[in-house]
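# Architecture and fold: a report
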Amino acid sequence: MEVDAVRGLRALHEDRRVLGVSPLVHDERLVRAARGHSAERTRLGFFSHRSPTKGGETKEQRAALEGYRAPIVECITAAGGGSAAVEFWKHDGGHHRDMVNPRLVEAGFRTRGPAACVAGTGEARALPVLES
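Keep in mind the model is a prediction, meaning the values are calculated, not measured. (Residues numbered from 1 in each chain as written. Predicted model: local features only at pLDDT ≥ 70, side-chain atom pairs only at ≥ 80, totals over all residues. Heavy atoms only, no water.)

### Observations regarding the sheet that holds strand β3 (residues 106-110)
Definition in use: Pairing between two strands is assigned when DSSP locates at least 2 bridges connecting them. Counting from the N terminus, the helices are DSSP H or I runs at least four residues long and the strands are E runs at least two residues long. Residues are treated as being in contact if the distance between any of their heavy atoms lies within 4.5 Å. Interaxial angles span 0 to 180 degrees and are taken between N-to-C directions of axes, which are lines fitted to C-alpha atoms, for helices over the stretch in contact.
Pairing in this open sheet of 4 strands is mixed, and the strands run β1-β3-β4-β2 from one edge to the other. Looking at strand neighbours, the two that pair on one side only are β1 (25-26) and β2 (72-77), the edges of this open sheet. Across 2 bridges, β1 lies against β3 in parallel orientation. What sits directly across from V25, in β3, is E106. Where helix α1 (residues 3-18) meets the sheet, it contacts β1 and β3, and its direction lies at approximately 140° from that of β3. The sheet contacts of helix α4 (residues 82-90) involve β2, β3 and β4 (115-120), and relative to β2 the element is tilted by about 110°.

Printed below as a string of structure tokens:
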């Protein structure tokens, strides 16, 4: 994980801890969803949760493309760096409610370029893991 993403996740953990909410678990599928949307926003020059790319228009579609099929939230910002992004979201009512929602248990950060965080509930996995 990117060093700055680790800082962002730690800052978010601290914010959640102060409020009595469990920390988020790093999930590589959510990292890939955040990374892809952040890179796409930079490459195509837009700032939105909605993508112009067919099949990946919504945060749910982007997460599903990475194999994550549980309810999610997505926070994006132009603030540089993980800690700066968390600080920005902390002072924005809707984003802050999302980031400290106790139902969210997993997260993926992207901090190179525009920051993005995708957090999920870990519920309703489409495919169970089976051992042979």
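### Focus on the pairing of β2
Counted only if it meets this: Summary of the burial criterion: residues with accessible area below 20% of their type's maximum are buried, those above 50% are exposed, and those between are partly exposed, where the area comes from a 1.4 Å probe applied to protein chains only.
A large share of β2 lies buried, amounting to 6 of its 6 residues. In β2, alternate side chains face the same way, and those of I72, E74 and I76 on one face and V73, C75 and T77 on the other are all buried. The pairing of β2 with β4 spans 6 bridges and is antiparallel. Across the sheet, the residue bridging to I76 is A116, located in β4.

### Observations regarding the side chain of E40
Stated precisely, the cut-off is as follows: Counted charges follow a simple rule, with Lys and Arg positive, Asp and Glu negative, and His plus the chain ends left uncounted. In what follows, salt bridge is the name for a side-chain nitrogen of Lys or Arg lying within 4 Å of a carboxyl oxygen of Asp or Glu.
Following the sequence through the fold, E40 ends up in helix α2 (residues 28-44). Buried E40, no salt bridge; nearest opposite-charge side chain is R43, N-O distance 4.6 Å. Beyond its immediate stretch of four places on either side in the chain, E40 contacts G45, F46, S51, P52 and T53.

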